[in-house]
Each structure stands twice: as C-alpha cells, then as structure tokens.
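The lines below spell out each chain.
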Amino acid sequence: MTPALVHHRHRTASPTAEQTARARDWAEIQERMLVPLYEAVYERLEIGPGTRVLGLGCGAGLALLLAAERGAVVHGVETDSARLELARERLLPEPERGARPWEARLTGDDPEERIPPEGEGPTLVTAFDALPGAEALARTVAGLERGTPVVLAGWGPSERCATAPALRVATRLAEPAAEPASGCAHWCGRDDLEDLARRAGLRLDGSGRVACPFGYAGMESAVRGLLSTGLYDPAVRATDEEQVLKELVEALHPYLRDDGTLWMPNLFRYVIARA
C-alpha cells in the first residue's frame, strides 16, 4: 500500500488549535458513525488488492484506512487542513508523506488537468462525506477509464433519520443569513444523488441504503461530535454559540437513555455510477 493524501492548493495555512481540536473530535467521535456505509460499499464492489481508491473529501482518512486494510491502494483529497493532518497520521509513515504528480492534480483546481489513461488512475472514486458539485465532479472523473465506478453518498429521507431534529437546529438558526451552500444538512430527495451523477456525465449502475446509527457515550460526546461536522458553523455566526448549544442539547435530549448514552438510528443512501 502506498497511500497519498492531497491538500487543496488554495488552503495551505496551518490549522489553528481550535481547528485541530475539532478535527480530532471528528476523527475520534463522529467519523466512525459512517463505517457501515463504507463497509457496505466496499463489500458490494469487492474492494481488495488491485483496487486504487480515490476518496474525495476523505476527512480524517477512516474510509481510506478501511479500504487499505482490504489491500487497496488509496489516495485522498481533503480541503480541511486539520483533518488532512490526521489522515496523514493514520495512513502515511513520516518518510512517505507527499503525493505523486498525477495524484496532486486530482484537486480539481484546473479543469485541464486529467487522470492519465495508462492504467495509473483510480479504479474507484468515492464521495462519502462531502458531495462535490456537478461541474467539479465532472472535471474529476473526466479522465477515468470507461466503466470506473463512482460512489456518491448522503443522508436518507429525514423521516428515517433520528438525527434530523438536531440537524434542523443548524438550518433554522442559520436562516436567513446562511447561503444555500453554507454546509447545513441537505437531505437527499429520492433522486438527488442520481441527478448529481447524471449532471456529471456518469451512467447509473445501482444504489443502496445502509443503516448508520449515531451512538454516543454521553451528551457531551454527542454535542462535540455533531459540532465537529461543521454543519453548525453558519448558525453560530448568525446567532451565538450559547444559543446553538442550548437548542442542540434540547433536540438531542429525547434520545438520551437511562444509562446516559445516546442512540439515534439513521438511514444513509449511496449511488453507484460509472464513467
């Protein structure tokens, strides 16, 4: 395995202490909630030795680590510098840090940059946590070999997600100051993932649903985990942190169990499309 993790070239500043702490909350609390999604996709596509995975928005690298443990060669692109550093700690021994030239071109900064066709490009592209826009996705997959699978994932219907009331706190408090792409949770309509794939020029080839329950050791852990997603940042800017925390705790309280833990069943969707 020779992993490579690529940082978006427009965001090279070192993360602040606050950003690093929140990235660790993401890595230690929240990221693991999507393991059932990662594993379901890898099992369905039979990921193993010979697979080259490109993770778009790879976070702190957990999905890539699981693919690497199956024998895949993994590459990641991440815009959050603090999460990227944690992914490097997980995946790259110090002497091996860095990226091959073609891997560095997978940030989508330049539409003219392409994945080389000589069998070196990824054999699987994933967007588990952060969905790119249709144009950015189209640029990224433009050089893929024909038939290469691209997996897009997102929340299922809000009525099937117990976390929905907590996420609506972020959306409601951010309005009307939040812009449409502010990072608030976007529930996937019945055909939203399919429409994104089509707009990017991909051919649909299947879909699935995966149960991803969010379980937390306590209220503090739940709050830290959800805040680490970044979804509440617009709400904090529009109101204040105290108000956001108050309403978030209220929204989480119905899921607090007698032993102090929280448990929230959720459903996630994924779509498999091909170049």
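Please read all numbers here as calculations on a predicted model, not as lab measurements.

Enquirer: Please clarify how the pattern of salt bridges should be interpreted in this entry.
Expert: Side chains that carry opposite charge are capable of pairing whenever their charged atoms lie near each other. Evaluated as defined, the whole model comprises 13 salt bridges. E31 is the salt-bridge partner of R90, the closest N and O atoms lying 2.8 Å from each other. Of this pair, R90 sits in helix α4 (residues 81-91) while E31 is found in the loop between α1 (17-30) and α2 (35-44), placing the two residues 59 residues apart along the sequence. You can call E31 buried: its relative accessible area is 2%. The salt bridge partner of E85 is R88, with a shortest N-O separation of 2.8 Å. Remark: R88 and E85 occur in helix α4; sequence separation between them is 3 residues, near one turn of the helix. With a relative accessible area of 29%, E85 lands in the partly exposed category. The network of salt bridges with common partners includes E39, E43 and R70.

Enquirer: I would appreciate a short explanation of a negative patch on the surface in the present structure.
Expert: Residues E18, D240, E241 and E242 make up a contiguous surface patch of negative charge. Following the sequence through the fold, E18 ends up in helix α1. In this structure E18 comes out as exposed when scored by relative accessible area, which is 67%.

Enquirer: Would you mind showing me how to read the confidence of the model for the protein here?
Expert: Caution is warranted with low-pLDDT regions, since their predicted coordinates should not be read in detail. Mean pLDDT for the protein: 84, with 80% of residues reaching 70 or above. pLDDT under 50 marks residues 1-12. Its contacts with residues more than four places away, or in other chains, come to 53 contacts. When the criterion is pLDDT under 50, residues 99-118 qualifies, and its contacts beyond four places in sequence or with other chains add up to 42 contacts.

Enquirer: Would you take a moment to explain the side chain of D25 for this structure?
Expert: If you trace the backbone, D25 turns up in helix α1. Overall, D25 belongs to the buried group, its relative accessible area being 15%. In this structure, D25 is in contact with Q30, R224 and S228, ignoring residues within four places of it in sequence.

Enquirer: For this particular structure, what's the right way to read the packing of helix α7 (residues 164-174) against helix α11 (residues 241-252)?
Expert: For any two helices packed against each other, one specifies the inter-axial angle together with the distance between the axes. For the pair α7 and α11, the least separation of the axes is 8 Å and the interaxial angle reads 150°. It follows that α7 is roughly antiparallel to α11 by the angle criterion. The two elements α7 and α11 cross, and the hand of that crossing is right-handed. Every residue of α11 that contacts α7 at P165, A166, V169, R172 and L173 is listed here: Q243, V244, E247, L248, A251 and L252. When its residues are assigned to classes, the contact of α7 with α11 shows 8 nonpolar, 1 polar and 2 charged.

Enquirer: I keep staring at α2 and nothing clicks. Help me out?
Expert: Structural remark: α-helix, 3.6 residues per turn; residues separated by three or four positions point the same way. For α2, the complete set of buried residues consists of L37, Y38, V41 and Y42. Along α2, the residues classed as buried sweep out an arc of 125° about the axis, all on the same side. Elements that come into contact with the buried residues of α2 comprise α3 (62-69), β4 (124-127), β5 (149-155), β6 (203-211) and β9 (267-274). Trailing α2 by a residue or two, E46 shows a phi angle of about 55°, which is positive.

Enquirer: Mind showing me how you'd approach the nonpolar core here?
Expert: In a soluble, globular protein the nonpolar side chains are often hidden away together inside. In terms of nonpolar packing, the biggest core is built from 55 residues, with Y42, F128, Y216, Y232 and L252 touching the most fellow members. Excluding its chain neighbours within four sequence positions, the residues that come into contact with L252 are A166, M219, A222, V223, L226, L262 and M264. In terms of nonpolar packing, the next biggest core, distinct from the first, is built from 18 residues, A134, L137, L193 and A200 among them.

Basis of the calculations
Residues numbered from 1 in each chain as written. Predicted model: local features only at pLDDT ≥ 70, side-chain atom pairs only at ≥ 80, totals over all residues. Heavy atoms only, no water. Salt bridge = Lys/Arg side-chain N within 4 Å of Asp/Glu carboxyl O. Helix = DSSP H or I, 4+ residues; strand = E, 2+ residues; numbered from the N terminus. Buried < 20%, exposed > 50% of the residue type's maximum accessible area, 1.4 Å probe, protein only. Patch = residues over 30% accessible without salt bridge, like charges linked within 9 Å, V, L, I, M, F, W, Y side chains within 5 Å. Areas by Shrake-Rupley, 256 points an atom, 1.4 Å probe, with all protein chains shown as cover. Lys, Arg positive; Asp, Glu negative; His and termini not counted. Charge placed at Lys NZ, Arg CZ, Asp CG, Glu CD. pLDDT = per-residue confidence, 0-100. Contact = heavy atoms within 4.5 Å. Axes fitted to C-alpha atoms, helices over the stretch in contact; angles between N-to-C directions. Parallel < 35°, antiparallel > 145°, perpendicular 65-115°, else oblique. Left-handed = near helix turned anticlockwise from the far one by under 90°. Nonpolar A, V, L, I, M, F, W, Y, C, P; charged D, E, K, R; others polar. Arc of directions from axis to C-beta. Core = buried A, V, L, I, M, F, W, Y, C linked by side-chain atoms within 4.5 Å.

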